[in-house]
Amino acid sequence: MTRQGVHWMELADTLEGLALQTLAPLLEREQALLAAEQIAIGLLERYRGAQLYVHSEAAIARRRRDRMIVEQHDGTVASARALAACYDIHEMHVYRIIARAQGRERADRRR
């Protein structure tokens, strides 16, 4: 680590390792290595010079949960209630999650 945090090479190695571990069962070893390297390069280029805050695993789990809620919601009140009960959150939170996703979709369409 440097004074600024994780050294970029350490980050690149970690990204490559994780991508390789994830892709290895799906691709030939050389393809997985190339894909892992490209993922690491892309992320490093995208965030070069930026200060990053790395969330906890819980944040990733919430994001996954939110995607599932958006996919499973059929637009009915009964669906929102069932999803709230299933994910142990308040019904209003289900509506906020859906509204946030719809806002992102509108923003993407405007680009």
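Residues numbered from 1 in each chain as written. Predicted model: local features only at pLDDT ≥ 70, side-chain atom pairs only at ≥ 80, totals over all residues. Heavy atoms only, no water.

(A) Quick look at the overall build of the protein chain. Across its full length, the protein chain carries 5 helices and 0 strands. For 111 residues, the compact-globule formula gives about 13 Å, and the C-alpha radius of gyration of the protein chain, at 19 Å, lies well above that figure. Along the longest, intermediate and shortest principal axes, the C-alpha atoms of the protein chain span 50 × 35 × 30 Å. In the protein chain, which comprises 111 residues, the share counted as buried stands at 21%. Look at the contacts in the protein chain between residues 6 or more apart in sequence, and 32% of them connect residues 24 or more apart. Total accessible area on the protein chain is roughly 9100 Å²; 55% of this is exposed by carbon and sulfur atoms. Distance from the positive charge centre (17 side chains) to the negative charge centre (15 side chains) of the protein chain: 10 Å. (Helix = DSSP H or I, 4+ residues; strand = E, 2+ residues; numbered from the N terminus. Rg over C-alpha atoms; globule rule 2.2 N^0.38 Å. Buried < 20%, exposed > 50% of the residue type's maximum accessible area, 1.4 Å probe, protein only. Contact = heavy atoms within 4.5 Å. Areas by Shrake-Rupley, 256 points an atom, 1.4 Å probe, with all protein chains shown as cover. Lys, Arg positive; Asp, Glu negative; His and termini not counted. Charge placed at Lys NZ, Arg CZ, Asp CG, Glu CD.)

(B) How the structure looks around the UniProt feature "domain: Mor transcription activator" (unreviewed entry) in the protein chain. Taking the numbering used here, the UniProt-annotated feature "domain: Mor transcription activator" (unreviewed entry) corresponds to residues 19–110. Regarding residues 19–110, the helix share stands at 76% and the strand share at 0%, and the terminal C-alpha atoms are separated by 32 Å. (UniProt positions renumbered as here; feature names shortened; annotations may be inferred.)

(C) Examining a nonpolar patch on the surface more closely. On the surface, I39, L43, Y47, L52 and V54 cluster together into a nonpolar patch covering about 460 Å² of accessible area. Locating Y47 in the fold gives a position in the loop between α2 (29–46) and α3 (57–72). (Patch = residues over 30% accessible without salt bridge, like charges linked within 9 Å, V, L, I, M, F, W, Y side chains within 5 Å. Salt bridge = Lys/Arg side-chain N within 4 Å of Asp/Glu carboxyl O.)

(D) Fine view of the environment of E45. Here E45 is to be found in helix α2. A residue is classified by how much of its surface remains accessible, and E45, at 51% relative accessible area, is exposed. Sequence-wise, E45 and R81 are 36 residues apart; in three dimensions their C-alpha atoms are separated by 43 Å.

(E) Representation of the pattern of salt bridges. All chains considered together, the criterion is met by 3 salt bridges. Residue R65 pairs with D66 through a salt bridge whose shortest N-O separation is 2.8 Å. The residues R65 and D66 share a single accessibility class, namely buried. Across the salt bridge formed by R100 and D66, the nearest N and O atoms sit 3.5 Å from each other.

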